[in-house]
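So the chains spell out like this:
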Amino acid sequence: MENQETEFKENKKSNKALIVIIIGLLVVVAGLGGYYYYETSKTAPEKEMKKKEEKKEVFEEELKSKAYEQMRELKQVNELDKDTNTGIKLIATENSKLVDNAIWAPTLQLVWQDYINTDIKQDIEFIDDKDNVTVKELNTKSFKLSDISDSYVYVKNGKATKALKEEIKKAIKDKFNTESEILDLFDFKDDSVFKFFYSMLYKEFTFKNPFDVLDSTHFGIDNNSDSKLAENCAPIFYTKGTYAIKLLTNEGDEVILYKGERKNTFLETYNYIMGKQEKDLKFNHGDSLKVANLDFKAQNHYEDLTKKLFYDTEGNLNYIAQIEQVTSLKLDNKGGKVKSEAGMMVYKNAIVLDSRDYLFNDDFMLFIKEAGKDKPYFAANINDVNQFTKKN
């Protein structure tokens, strides 16, 4: 009896130990299961982000080994032209924030849109600079090629070869009888890995009648001027201290001059001016006009847009290596000339997308059908391929 009681107690202890071991194993299995679930349930965006980071690293290394070899350092502004006005700010769009002594022409926008339409196929968004203000402004496409006559502009893109450079030079000479001031800032090579996008806006205009030269720096109308000069002028509105007027040209262009409060952007200010148009307002005998002669040139490298990576719709990484825009205006008593050009050197890494493995070595289905028929004439559901292979 005593032996049975002792044996019962020993068995009870053994059972308790076994239960503890089982519980411990269950905890370990649960932990491993939880880890496996965590690893296998990572969201698609996380996996996609990891892939993109890997692609980015590969692309950056490729740039260092290939593209950088062909990139030439940007030249200083004073090397472009001694009479470039460094005190003038050339801004990207008519919707960019207005600053003192600023100018705008749409050539960068035309280049940007050509690049998106041709290569990127979507709005550009820098991977490491998603809130870039200039990019957002350019992506709005606020000024399109259709907003200006074809006779005013030239747009071209292609592989950045010497042949393309010569083609552009000839085209703008034939169309505008002028020469480029930025092409020599880019490195064109027959074996170039870059693509080049270019646009030029060029327009000369003459006033209906040459204005009087008032002094060495101004033209306009005074009490001694011929009355026919009033034909050049179409006042928009006039109040004491703020006013606007159009100067009319033989070519149909209108030079709009405005004195008054600036709004936030060029476009906002322009819309404000045109919204104040007064009917039947004429330039009367005794009215005067005094306009400063203008002759300036401004350049912008847009460094906030270069050397940053972004994706196109096919998942390729892209990179803007260099941008140059130069814009100039000459205005005197006879008329004026507007010239603006923009160039953009870009690089695309044709990254091979993740490879796909079509594996039908086990656990698959097979159908055979006659071409042009809707139903198969044979089917197999192969769960264990060993059952479907010939035994030796």
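One can find the structure itself at the top, above this paragraph.
In this text the structure is predicted, and so the values were computed from the model without any measurement.

Definitions and cut-offs
- Residues numbered from 1 in each chain as written.
- Predicted model: local features only at pLDDT ≥ 70, side-chain atom pairs only at ≥ 80, totals over all residues.
- Heavy atoms only, no water.
- Phe/Tyr/Trp six-rings, centres within 6.5 Å; stacked < 30°, edge-to-face > 60°.
- Helix = DSSP H or I, 4+ residues; strand = E, 2+ residues; numbered from the N terminus.
- Buried < 20%, exposed > 50% of the residue type's maximum accessible area, 1.4 Å probe, protein only.
- Lys NZ or Arg CZ within 6 Å of the ring centre and 35° of its normal.
- Expected span 1.5 Å × (residues − 1).
- Arc of directions from axis to C-beta.
- Contact = heavy atoms within 4.5 Å.

A.B. asks: Is there a simple way to explain the packing of aromatic side chains in this structure?
C.D. replies: Centre distance and the angle of the planes are the two values used to describe a pair of aromatic rings. Counted by the stated rule, this structure contains 17 aromatic pairs. Taking 5.8 Å as the distance between ring centres and 70 degrees as the angle between the ring planes, the aromatic pair formed by W104 and F143 counts as edge-to-face. With W104 in the loop between β2 (102–103) and α4 (107–120) and F143 in the loop between α5 (133–139) and β3 (153–159), the pair connects residues that are 39 residues apart, well separated along the chain. Of the residues examined, F143 reaches a relative accessible area of 13% and is grouped as buried. One aromatic cluster is present, formed by Y154, F186, F188, F196 and Y198 through successive ring pairs. K263 extends its terminal NZ or CZ atom over the ring of Y272, reaching a point 4.3 Å from the ring centre. Positioned above the aromatic ring of F237 is the side chain of K276, whose terminal nitrogen or guanidinium carbon lies 5.1 Å from the ring centre.

A.B. asks: Explain helix α6 (residues 162–176) here, please?
C.D. replies: Each α-helix winds once per 3.6 residues, and so residues spaced three or four apart point in a common direction. Counted at 1.5 Å a residue, the expected span for α6 with its 15 residues is 21 Å, and the 21 Å between its end C-alpha atoms agrees. Considered for burial, the residues of α6 that qualify are L164, K165, I168, I172 and F176. The buried side chains of α6 occupy one side of the element, clustering within an arc of 105 degrees when seen end-on. What points out from α6, more than 90 degrees from its buried face, is the exposed set A163, K170 and D174. Tucked into the core, α6 has its buried residues touching β3 and β4 (195–206). The positive-phi residue at the C-terminal boundary of α6 is N177, with phi of around 55 degrees.

A.B. asks: So what exactly am I meant to see when it comes to the side chain of T306 here?
C.D. replies: By secondary structure assignment, the location of T306 is in the loop between β11 (294–300) and β12 (309–311). Accessibility expressed as a relative area gives 9% for T306, which makes it buried. Apart from residues no more than four positions distant in its own chain, T306 is found in contact with H301, I320, A321, Q322 and I323.

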